[in-house]
Amino acid sequence: MGKLSPRRSFYSLRLLSTSTSASAFIRRDTTKSIEFYKNLCSTGRVKEAFETFKSEIWAEPSLFSHLLQACIPETLFSQGKQVHSLIITSGCSKDKFVSNHLLNMYSKSGDMETALTLYGVMPRKNFMSCNILINGYIQVGDLDSANRVFDEMPNRNVATWNAMITGVTQFEFNEEALGLFKEMHELGFLPNEFTLASVLRGCAGLRALHAGRQVHAYVVKCGFESYVVVGSSLAHMYMKSLSLDEGEKLIKSMPARNVAAWNTLIAGKAQNGYDEVVLYLYTMMKMAGFRPDKITFVSVISSCSELATLGQGQQIHAEVIKVGSSSDVGVISSLISMYSRCGCLADSVKAFSEHEEADVILWSSMIAAHGFHGQGEEAIKLFELMEQEGIEANQVTFLSLLYACSHCGLMDRGIEFFNLMLNKYGIQPRLQHYTCVVDLLGRSGRLDEAEAMIRSMPVKADCVIWKTLLSACKTHKNADMAKRVAEEVFKLDPRDSASYVLLSNTHASAKRWQDVSDVRKAMRERKLKKEPGISWLELRNRVHQFIMGDKSHPSSLEIDLYLKELTSSMKLRGYVPDIASVLHDMDSEEKEYNLAHHSEKLAIAFALMNTPEGVPIRVMKNLRVCSDCHVAIKYISEIKNREIIVRDASRFHHFKDGKCSCGDFW
């Protein structure tokens, strides 16, 4: 950066000299004065700080560092440039301490071009100069440049190693992080609590429990087990590696928990499916006097999404607004997902539209929400609008698009987006993208193409992609392929009961009863049981759960009587129970009874009995809705003049006036 003219320097000085509000009232006691100066800087009152203490600053230029630190936020960055001009005027721009703070301001503000220019003309560089540059590159996502600076350093300190290890874990290069830690240790550098916290995050990302235990032993050996940041990272590592008990034990043994420790415990439970426990811990955290932050909210809102507890989700949304976290992208994305998964797509749209500068994360979340509700065309329009706004799509965006297409029968558009991802954006598909394309092909009956894609794709197939094809085999009654595909699933997971059930049902649809018997025998020998269908709904802040044949609900008798009356009304309108969909050896009357008592029908009957007319009913189910229930709910929505929203394992169904939003495609 060239030297500024005297006129420009004077103009910059005048900009900073507009406030004289405090100068006449300050006693020049040195300690008190400096503390007051630091307070002005820390609260962003840069002009007032300079005007009040300009004589002290000219006498001791190192005080410029506090002004520079205050100017790092984006809103004050322009004033930081003015401070830079004053530093040049003062003649202290060559001071190593001041130069590093200048470099830090530009780096943290994301202006790496100016930071690099400053770095190039600095007469004396030290560890801090290089470390600041590394951290700046990492902040703007340029890991290659950060690595280049790191490699070119003749000497390094612990902070240098910490910067690189933290950087690579931030970009999920976790194996590289462990490699750097090993190299650091071999070169004789002693890690501190920040090094160990970053390395443990790397172990968590890899779910490398063995490596994590080795680091844990090192933590104990070096005496870092009492550090909260290390304890929280250790607990996170164990929980992410599916050792929940060890993680929880570590947090409970902490002499004092902080917000980070609570967040680790809550996130660990959320990531492992203990969503009801998450909501309990959230309440305990607040009762203990801790204020939730954006990390807490993301975990808790995600649990509300999984449980579909709309009431609790709305209460937490109110708390988000109250504490000022409603502008955080992660929190908004979680809210979009929560409202969508609770069946309130309009509220998802509202949360999205209220954020003035939506980034790719929010656009992708909104595209996914439309897809989950079967609004494929709307998801595509949103993607096109996103492109018009100049926001570049990423892997998650295309995954959301492909999902939307696969659940709306938009096969040609789905294939088009898959090719667009490869050819225009240069994004290499992950396994999830291939799974969506296999689903697209399978639903369209192109089973051979789907199988060929799985066997030729460059990534290793997992159970999910084979089960996706197996489900398509059942839909199209291709028993021969189903048998071949099921064998692939059983190689990967011999105890996957859902695949045995799919295979059995495919054979039953094809009237291959001996094969059905063989599959059921194999299940008995392996002591495998079909996952029961469970439906639930939230009513007056309480969750009610229903299972077919379960009589434990207090209103079980009343529900049974109500269902009989409802079924009679449906039959008068033309409903005929689809007993052919019951693939078991039993008489017709028993088949019809079982159909009438599927869990979603029990939940809907209970909701109709206990909610006012006109109020939408929202029911969640762990499995896909069967064909008979789908037809029956259409009749119920028409007879009772109710909107009935059902979320199954695949998607949302909005039933209204005898029709479903999925167009009978699910």
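Residues numbered from 1 in each chain as written. Predicted model: local features only at pLDDT ≥ 70, side-chain atom pairs only at ≥ 80, totals over all residues. Heavy atoms only, no water.

Asker: What is the right way to read the pattern of salt bridges from this model?
Answerer: Close approach of charged atoms lets side chains of opposite charge pair. Under the defined criterion, the tally for this structure stands at 21 salt bridges. Between Arg 512 and Asp 515 there is a salt bridge; the shortest N-O distance is 3.0 Å. Classification of Arg 512 as partly exposed rests on a relative accessible area of 27%. Look at Asp 515 and you get buried, because its relative accessible area is 15%. (Salt bridge = Lys/Arg side-chain N within 4 Å of Asp/Glu carboxyl O. Buried < 20%, exposed > 50% of the residue type's maximum accessible area, 1.4 Å probe, protein only.)

Asker: What am I meant to see in the pairing of strand β3 (residues 617-621) here?
Answerer: In terms of burial, β3 is a largely internal element, 4 of the 5 residues being buried. Across 2 bridges, the pairing between strand β1 (residues 534-539) and β3 is antiparallel. Bridging across to β3, Trp 536 finds its partner in Met 620. Where β3 meets strand β4 (residues 644-647), 4 bridges bridge the pair, whose relative direction is parallel. Following the sheet pairing, Arg 618 is matched in β4 by Ile 645. (Helix = DSSP H or I, 4+ residues; strand = E, 2+ residues; numbered from the N terminus. Pairing = 2+ DSSP bridges.)

Asker: Help me understand the packing of aromatic side chains, please; the structure alone is not making it clear to me.
Answerer: Each aromatic ring pair is specified by the distance between its two centres and by the angle formed by the two planes. Considering all chains together, one arrives at 16 aromatic pairs under this definition. Residues Phe 398 and Tyr 425 carry aromatic rings whose centres are separated by 5.2 Å and whose planes lie at 70° to one another, so their mutual orientation is edge-to-face. On the criterion of sequence distance, the pair formed by Phe 398 in helix α24 (residues 395-406) and Tyr 425 in the loop between α25 (411-423) and α26 (431-443) is long-range, its members being 27 residues apart. Side by side, Phe 398 and Tyr 425 carry an identical accessibility label, which is buried. Among the aromatic residues, ring-to-ring pairing joins Phe 383, Phe 398, Phe 417 and Tyr 425 into one connected group. Its end group placed over the ring of Trp 161, Arg 156 keeps NZ or CZ at 5.2 Å from the ring centre. (Phe/Tyr/Trp six-rings, centres within 6.5 Å; stacked < 30°, edge-to-face > 60°. Lys NZ or Arg CZ within 6 Å of the ring centre and 35° of its normal.)

Asker: What should I look at first to understand the state of the cysteines in this one?
Answerer: Here is the idea: a disulfide is a covalent bond, and it sits between the sulfur atoms of two cysteines. Taken as a whole, this structure holds 0 disulfides when the rule is applied. Note on Cys 203: no disulfide assigned, nearest cysteine sulfur contributed by Cys 222 at a separation of 15 Å. (Disulfide = S-S within 2.5 Å.)

Asker: So what exactly am I meant to see when it comes to the nonpolar core here?
Answerer: Where a protein is soluble and globular, its nonpolar side chains tend to be buried together. In terms of nonpolar packing, the biggest core is built from 90 residues, with Leu 103, Ile 134, Leu 234, Ile 301 and Ile 316 touching the most fellow members. Excluding residues that lie within four positions of it along the chain, Ile 134 makes contacts with Ala 146, Val 149, Phe 150, Met 153, Thr 160, Ala 163 and Met 164. (Core = buried A, V, L, I, M, F, W, Y, C linked by side-chain atoms within 4.5 Å. Contact = heavy atoms within 4.5 Å.)

Asker: Please clarify how the confidence of the model for the protein should be interpreted in this entry.
Answerer: Scored by pLDDT, the protein comes out at a mean of 85, with 90% of its residues at no less than 70. Ranking the elements of the protein by mean pLDDT puts helix α1 (residues 6-16) last with 37 and helix α27 (residues 447-456) first with 96. Low pLDDT, under 50, characterises residues 1-30; the stretch is placed with 45 contacts to residues that sit more than four places away or in other chains. (pLDDT = per-residue confidence, 0-100.)

Asker: I tried to follow the packing of α24 against α26 on my own but got confused; where do I start?
Answerer: Each pair of packed helices gets described by two things: the angle between the helix axes and the distance between those axes. Orientation of α24 relative to α26, taken along the N-to-C sense of each, is 15°, at an axis distance of 9 Å. With respect to α26, the axis of α24 lies roughly parallel. Both α24 and α26 take part in a crossing whose hand is left-handed. Facing α24, whose interface residues are Gln 395, Phe 398, Leu 399, Leu 402, Tyr 403, Cys 405 and Ser 406, α26 presents Gln 432, His 433, Cys 436, Val 437, Asp 439, Leu 440 and Arg 443. Considered class by class, the residues forming the contact of α24 with α26 number 8 nonpolar, 4 polar and 2 charged. (Axes fitted to C-alpha atoms, helices over the stretch in contact; angles between N-to-C directions. Parallel < 35°, antiparallel > 145°, perpendicular 65-115°, else oblique. Left-handed = near helix turned anticlockwise from the far one by under 90°. Nonpolar A, V, L, I, M, F, W, Y, C, P; charged D, E, K, R; others polar.)

Asker: Is there a simple way to explain the packing of α26 against α27 in this structure?
Answerer: Viewed as axis vectors pointing N to C, α26 and α27 meet at an angle of 165°, and their least axial separation amounts to 8 Å. Between α26 and α27, the angle is such that the two are roughly antiparallel. Crossing handedness for the pair α26 and α27: left-handed. Residues Tyr 434, Val 437, Val 438, Leu 441 and Gly 442 of α26 form the contact with α27, whose own contacting residues are Leu 447, Glu 449, Ala 450, Met 453 and Ile 454. Considering only residue class, the contact of α26 with α27 consists of 8 nonpolar, 1 polar and 1 charged.

Asker: Even after reading the chapter, I still don't get the sheet that holds strand β5 (residues 652-656), so can you show me in this structure?
Answerer: Backbone-to-backbone hydrogen bonds join strands into a sheet, with any given pair of strands oriented parallel or antiparallel. Strand order in the open sheet formed by 6 strands is β2-β1-β3-β4-β5-β6, with mixed pairing between adjacent strands. Edge positions in the sheet fall to β2 (542-547) and β6 (659-660), since each of these pairs with one other strand and no more. Against the sheet, helix α34 (residues 599-610) contacts β1, β2, β3 and β4, and its axis sits at roughly 20° relative to β1.

Asker: Looking at this structure, I do not really get a positive patch on the surface. What am I missing?
Answerer: Side chains of Lys 474, Lys 477, Lys 511 and Arg 624 sit close together on the surface and give a patch of like positive charge. If you trace the backbone, Lys 474 turns up in helix α28 (residues 463-475). Judged by its relative accessible area of 30%, Lys 474 falls in the partly exposed class. (Patch = residues over 30% accessible without salt bridge, like charges linked within 9 Å, V, L, I, M, F, W, Y side chains within 5 Å. Areas by Shrake-Rupley, 256 points an atom, 1.4 Å probe, with all protein chains shown as cover. Lys, Arg positive; Asp, Glu negative; His and termini not counted. Charge placed at Lys NZ, Arg CZ, Asp CG, Glu CD.)

Asker: Whenever I open this one, unusual backbone geometry confuses me. Can you help?
Answerer: A negative phi angle characterises most non-glycine residues, just as the trans form characterises most peptide bonds. Its identity as a non-glycine residue notwithstanding, Glu 172 has a phi of 65°, on the positive side. Residue Glu 172 is classed as exposed on the basis of its relative accessible area of 65%.

Asker: When you look at the side chain of Asn 131 in this model, what are you seeing that I'm missing?
Answerer: Summarising the element assignment, Asn 131 is placed in helix α8 (residues 127-139). Looking at Asn 131, its side chain comes within polar contact range of the side chain of Asn 157, at 3.2 Å. Sequence-distant contacts of Asn 131, defined by excluding residues within four places in its chain, comprise Met 153, Asn 157, Ala 159 and Thr 160. (Polar contact = N/O pair within 3.5 Å; in protein donor to acceptor, adjacent residues only side chain to side chain.)

Asker: Please clarify how the environment of Val 323 should be interpreted in this entry.
Answerer: Looking at the element boundaries, Val 323 is found in helix α19 (residues 310-323). As a C-alpha pair, Val 323 and Leu 281 span 42 residues in sequence and 19 Å in three-dimensional space.

Asker: It is not clear to me how the pairing of β5 should be interpreted in this structure. Could you clarify?
Answerer: Residues in a regular strand project their side chains so that they alternate between the two faces of the sheet. Burial of β5 is extensive: 4 of the 5 residues sit out of reach of the surface. Two elements, β4 and β5, share 4 bridges in a ladder whose sense is antiparallel. Each residue of the ladder has a partner; that of Ile 644, found in β5, is Phe 655. From the end of β4 to the start of β5, which pair antiparallel, there are 4 residues. Strand direction decides the pairing type here: β5 and β6, joined by 2 bridges, are antiparallel. Looking at the pairing, Lys 656 lines up with Lys 659 of β6. Between the antiparallel neighbours β5 and β6 lie 2 residues, among them Asp 657 with a positive phi of about 55°.

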